[in-house]
Amino acid sequence: MEETERAGLSKQERVKKFGEVFTPQWMVEKMCDLLQENNQNEDVYAPETTFLEPSCGDGIFVLEILRRKFQNCHKRTDYTTALQSVYAMEIQADNVDKTIQNVTELCKQYFTPNKQELQIISDHIIQADSLKVMRMLNDDNLYKTDTSCMDRHTAQYSLFVED
């Protein structure tokens, strides 16, 4: 299926239905450049620096951040550390799948991801309503919810997507 027709909707229909607008690559690069420029005393793209993308779409920011982190990797374990330090949320399931696919393909340009790294990618890119997550964190409700009896996907759905 063509990129603009994911979930059976045209790009224009997705904008209207979901308010989905994607940041162009040039702007992502500029914003990532500015982040480093504004933090000159540290390497913000070191493998261990943590990032959260609360509305990742198809992963354009996640991909640019990982590209920059991967350029700082000197040994195999650095790539795993870089993957472990990037998290992303997206409310649209097809975008989550696309981001996971895009990150996996990016990794293959630098190294062959093993089973553990593929699991990290899957665990760190989740379907969630980031605004609800932030509200729950502010209300401390997240810590009152017992998810020990739920699998990862059920827990994500009940905590992050339902009303």
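Given the structure is predicted, the values throughout are model-derived calculations rather than measurements.

Focus on the side chain of asparagine 102
And then number 1: Inspection of the secondary structure assignment puts asparagine 102 in helix α5 (residues 93–110).
And then number 2: Owing to a relative accessible area of 18%, asparagine 102 belongs among the buried residues under this scheme.
And then number 3: If we ignore the near neighbours within four places in the chain, the residues touching asparagine 102 are Asp58 and Leu63.

Focus: the layout of surface pockets
Gaps left between atoms are located by rolling a probe of water-molecule size over the structure's atoms.
And then number 1: Computed from the structure, the largest pocket encloses a volume of approximately 250 Å³.
And then number 2: Every residue lining the largest pocket is counted, 16 residues in all, and those nearest its centre are Val21, Phe22, Ser55, Gly57 and Glu90.
And then number 3: Of the residues assigned to the lining of the largest pocket, the class counts are 7 nonpolar, 6 polar and 3 charged.

A short note on the confidence of the model for the protein chain
And then number 1: On average, residues of the protein chain score 84 in pLDDT, and 81% of them are at 70 or above.
And then number 2: When pLDDT is averaged over each element of the protein chain, helix α3 (residues 60–71) comes out on top at 98 and helix α8 (residues 152–160) at the bottom at 44.
And then number 3: Below pLDDT 50 for its whole length, residues 146–163 participates in 28 contacts with residues either more than four positions away or in separate chains.

Section: a nonpolar patch on the surface
And then number 1: A cluster of nonpolar side chains, Trp26, Met27 and Met31, forms an exposed patch at the surface whose accessible area comes to about 330 Å².
And then number 2: Tracing the chain through its elements places tryptophan 26 in helix α2 (residues 25–37).

Conventions used here
Residues numbered from 1 in each chain as written. Predicted model: local features only at pLDDT ≥ 70, side-chain atom pairs only at ≥ 80, totals over all residues. Heavy atoms only, no water. Helix = DSSP H or I, 4+ residues; strand = E, 2+ residues; numbered from the N terminus. Buried < 20%, exposed > 50% of the residue type's maximum accessible area, 1.4 Å probe, protein only. Contact = heavy atoms within 4.5 Å. 1 Å grid on protein atoms, 1.4 Å probe; cavity = no way out; pocket = protein on both sides within 12 Å on 5 of 7 lines; lining within 4 Å. Points joined across faces, edges and corners; volume = space filled by probe spheres on them. Nonpolar A, V, L, I, M, F, W, Y, C, P; charged D, E, K, R; others polar. pLDDT = per-residue confidence, 0-100. Patch = residues over 30% accessible without salt bridge, like charges linked within 9 Å, V, L, I, M, F, W, Y side chains within 5 Å. Areas by Shrake-Rupley, 256 points an atom, 1.4 Å probe, with all protein chains shown as cover. Salt bridge = Lys/Arg side-chain N within 4 Å of Asp/Glu carboxyl O.

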